[in-house]
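This is what each chain is made of:
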Amino acid sequence: MADWSEIEALKRTPLTELFADDPDRLSKYSADIAGIHFDWSKTHLTDDGIKAFERLAKACDLAGKREALFAGDVINTTEDRAVTHTMERGEGNKEDVAVAQGFHARMRALIDAIEQGALGPIRNILHVGIGGSALGPDLLVDALGRDETRYEVAIVSNVDGVALEDAFKRFDPTATLLAVASKTFTTTETMLNAESVIEWMQAGGVEDPYGRVVALTASPDKAIEWGVDETRVLPFADTVGGRYSLWSSIGFPAAIALGWDAFSELLEGAAEMDRHFRLAALHENAPALGAFTDLLYTQVFGCETRGVFCYDERLRLLPSYLQQLEMESNGKGVTIDGKPVGRPTAAITWGGVGTDAQHAVFQLLHQGTHLVPLELIGVIEPGDSLNEDHHRNLLNNMFAQGAALMAGKDNPGDPARHYPGDRPSTTLLLDDLDARTLGALIAYHEHRVFVNGVLLGINSFDQFGVELGKEMAKAAGKGGGDFDVSTNDLLKRAFG
């Protein structure tokens, strides 16, 4: 087990003192990569701290595990699988890259056929999936498709029928294509939603609704068995995890709505971050520094949460996306060899949209008793055409919040107006929000999760924690299950 004693012994020096003691702090703790400016200077990272993390990374063989990731070795040991999402971006071993590129070519050919009218007059894309099969596509379409998309897209994940009916109200069934996204093509919620869409199409006059279905899956045989023609099955490798899958055919709704050029730019932006992560020394490696910051606050400062606040409406879904990426990946209690971790793992990720959050939760962040490290994300180029005061005010708020959290304000005669300060934040400032920078931004967080997992000694690529509740829900649905008296009472109250 890795020795954390050197890191646990790190001293907490106030942020204002760190700046006062080192005039080069900003330049040492910031970087510009793939159209994104990273600023860690307002965190408690120090030269000694980074060196301690570098030594821990060496002891954990981070370099070797990073190479194993890109080589396509079996690093998801509990499921006996490689991890190949970087190959979807063209980065990794040649064989897996070639497979991914073949699947991409198949997706592009189907999109071309749809655009040429092969499936009829399609105007709407109704995508059903859940978890990684929905969060990624939803983020992409919402962030990049606000100005113009070639199709109207609805992404439905919730099994609550209200969500699906909202889409039905907007769409014409005779002009709708159904995309069913499920790695196994057995996901209960997704398949129930898909069946309801088929029924809606039939009721709306579509003679062959299965002829309007595209399957996005790592189990093509199951999709064909369900009724999807083989020509409309878009496979991806089962070594691509759900929460890492937007780069694969799971990204179909984004690729068709935004256009193939945008999807290609997304992949290239991610690949640029892949190359940086693979080649840069740790003390200037953005995902590594992000992970070192995470671990400093969870392991040394005892922080249980981390806040992500996007000062751009187009990134409003990013905190939700990162919740799954970070907490499903590293929310584990055992090491890769099955022993108790013995220390905190993933922080609880939460957040929201910047100025809205300032009037809701920033009270706690400034004056509450919880120390919450923040990630503040903004974009230099505005996403609107209104008076520039809108965007200037937006960014001024983001910059001022980071400054105020760090500096605080002493009011000895009025404790209610005392701000303790010394509260950390990382700032990510994008030049523009386009497909390339969004790809790099998401890939940065993926690799940051990977570094966290390696240093904690856990497997970031399984997710058995979601299975037990699913199994019990199925048992309840069949009228079985050995439940406690409270659950039995709830079932009886709801269903009689």
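For the structure, check the block above.
The structure contained in this document is the topic of the report that follows. Nothing here was measured: the structure is a model prediction, and the numbers come from that model.

**A closer look at the overall build of the chain**
Summing up its helical and strand segments, the chain has 20 helices and 13 strands in all. Dimensions of the chain along its principal axes, counting C-alpha atoms only, are 75 × 55 × 55 Å. Within the chain, the proportion of its 496 residues that are buried is 51%. As displayed, the chain has an accessible area near 21,900 Å², and 50% of this comes from carbon and sulfur atoms.

**Overview of the pairing of strand β8 (residues 213–217)**
Counting buried positions along β8 gives five out of five residues, so the element sits mostly inside the fold. Burial of the side chains of β8 extends over both faces: Val213, Ala215 and Thr217 are buried on one face and Val214 and Leu216 on the other. Bridge analysis of strand β7 (residues 176–181) against β8 gives four bridges, and the strand direction is parallel. The residue of β8 that forms the bridge with Ala179 is Val214. Once you follow β7 into helix α9 (residues 188–203) and on to β8, the crossover reads as right-handed. Pairing analysis gives three bridges linking β8 to strand β9 (residues 233–235), with the strands arranged parallel. Of the residues in β9, the one forming a bridge with Leu216 is Leu234. Read from β8 through helix α10 (residues 220–226) to β9, the crossover connection turns out right-handed.

**As for the nonpolar core**
Counting 101 residues, the largest nonpolar core has Ile114, Phe252 and Leu455 as its most contacted members. For this core, the leading source of residues is helix α18 (residues 435–456), giving 13 residues. What Leu455 contacts, discounting residues up to four positions off in sequence, is Trp4, Phe53, Leu56, Ala57, Cys60, Leu62, Phe292 and Leu295. Within the second largest apolar cluster, 24 residues are counted, among which are Leu164, Met191, Trp200 and Trp226.

**Brief notes about the sheet that holds β7**
Spatial strand order, β6-β5-β7-β8-β9: five strands in an open sheet with parallel pairing. Strands at the two margins of the open sheet, each flanked by one partner only, are β6 (152–156) and β9. Averaged over all neighbouring strand pairs, the angle between strand axes comes to 15°, with direction disregarded. Relative to β7, α9 is tilted by about 165°, and along the sheet it contacts β5 (124–128), β6, β7 and β8.

**Here we look at the sheet that holds strand β11 (residues 348–353)**
Within the open sheet, the six strands sit side by side as β1-β2-β13-β12-β10-β11. Their pairing is mixed. At either end of the open sheet lies a strand with only one pairing partner, and these are β1 (30–33) and β11. With direction set aside, neighbouring strand axes in the sheet form an average angle of 15°. Looking at chain direction, strand β10 (residues 305–311) and β11 are connected through six bridges and run parallel. Looking at the pairing, Arg306 lines up with Thr349 of β11.

**A closer look at helix α7 (residues 132–144)**
In this model α7 runs 18 Å from its N-terminal to its C-terminal C-alpha over 13 residues, within 8% of the 18 Å that 1.5 Å per residue would give. Here α7 lies mainly inside the structure; ten of its 13 residues are buried. Residues of α7 that are buried: Gly132, Ser133, Ala134, Gly136, Pro137, Leu139, Leu140, Val141, Asp142 and Ala143.

**Some details on the packing of aromatic side chains**
Taken as a whole and judged by the stated rule, the model has 14 aromatic pairs. For the ring pair Phe38 and Trp40, a centre distance of 5.5 Å and an interplane angle of 10° mean the geometry is stacked. Assessed through its relative accessible area of 1%, Trp40 is described here as buried. Between Phe277 and Phe450, the ring centres sit 6.2 Å apart and the planes meet at 90°, which makes this aromatic pair edge-to-face. Note that Phe277 is positioned in helix α12 (residues 260–279) and Phe450 in helix α18, a separation of 173 residues in sequence. As far as burial versus exposure is concerned, Phe277 and Phe450 are alike and both buried. Three or more aromatic residues joined by ring pairs make a cluster, and in this case those are Phe70, Tyr244, Phe277, Phe450 and Phe461. Between the NZ or CZ atom of Arg25 and the centre of the ring of Phe19, over which it lies, the distance is 5.7 Å. The cationic tip of Arg25 hangs over the ring face of Tyr29; the distance from NZ or CZ to the ring centre is 4.4 Å.

**Overview of the environment of Glu8**
Inspection of the secondary structure puts Glu8 in helix α1 (residues 5–8). Residue classification places Glu8 among the partly exposed residues on the basis of a relative accessible area of 42%. Distance in space between the C-alpha atoms of Glu8 and Gly49 is 9.8 Å, their sequence separation being 41 residues. Aside from chain neighbours lying at most four places away, what touches Glu8 is Val300 and Arg343.

**Re the pattern of salt bridges**
Considering all chains together, one arrives at 28 salt bridges under this definition. The salt bridge involving Glu375 is made with Arg306; its shortest N-O contact spans 3.2 Å. With Glu375 in strand β12 (residues 374–379) and Arg306 in strand β10, this residue pair connects regions lying 69 residues apart in the sequence. The buried category is assigned to Glu375, whose relative accessible area is 1%. With a relative accessible area of 5%, Arg306 lands in the buried category. Across the salt bridge formed by Glu375 and Arg448, the nearest N and O atoms sit 2.5 Å from each other. In this pair, Glu375 sits in strand β12 while Arg448 sits in helix α18, placing the two residues 73 residues apart along the sequence. Accessibility classification places Glu375 together with Arg448 in one group, the buried group. Connected through salt bridges with shared partners, the residues Glu91, Glu265, Glu268, Glu272, Arg275 and Arg436 form a single ionic network.

**Section: the packing of helix α5 (residues 62–71) against α18**
Interaxial distance between α5 and α18 falls to 10 Å at its minimum, and their mutual angle equals 130°. Between α5 and α18, the crossing angle belongs to the class labelled oblique. Our pair here, α5 against α18, has a crossing hand that is right-handed. Counting all contacts with α5, which are made through Leu62, Lys65, Arg66, Leu69 and Phe70, the residues of α18 involved are His447, Phe450, Val451, Val454 and Leu455.

Conventions we followed
- Residues numbered from 1 in each chain as written.
- Predicted model: local features only at pLDDT ≥ 70, side-chain atom pairs only at ≥ 80, totals over all residues.
- Heavy atoms only, no water.
- Helix = DSSP H or I, 4+ residues; strand = E, 2+ residues; numbered from the N terminus.
- Buried < 20%, exposed > 50% of the residue type's maximum accessible area, 1.4 Å probe, protein only.
- Areas by Shrake-Rupley, 256 points an atom, 1.4 Å probe, with all protein chains shown as cover.
- Pairing = 2+ DSSP bridges.
- Right-handed = clockwise from strand over helix to strand, strands pointing away.
- Core = buried A, V, L, I, M, F, W, Y, C linked by side-chain atoms within 4.5 Å.
- Contact = heavy atoms within 4.5 Å.
- Axes fitted to C-alpha atoms, helices over the stretch in contact; angles between N-to-C directions.
- Expected span 1.5 Å × (residues − 1).
- Phe/Tyr/Trp six-rings, centres within 6.5 Å; stacked < 30°, edge-to-face > 60°.
- Lys NZ or Arg CZ within 6 Å of the ring centre and 35° of its normal.
- Salt bridge = Lys/Arg side-chain N within 4 Å of Asp/Glu carboxyl O.
- Parallel < 35°, antiparallel > 145°, perpendicular 65-115°, else oblique.
- Left-handed = near helix turned anticlockwise from the far one by under 90°.

Keep in mind these values describe shape, not function.
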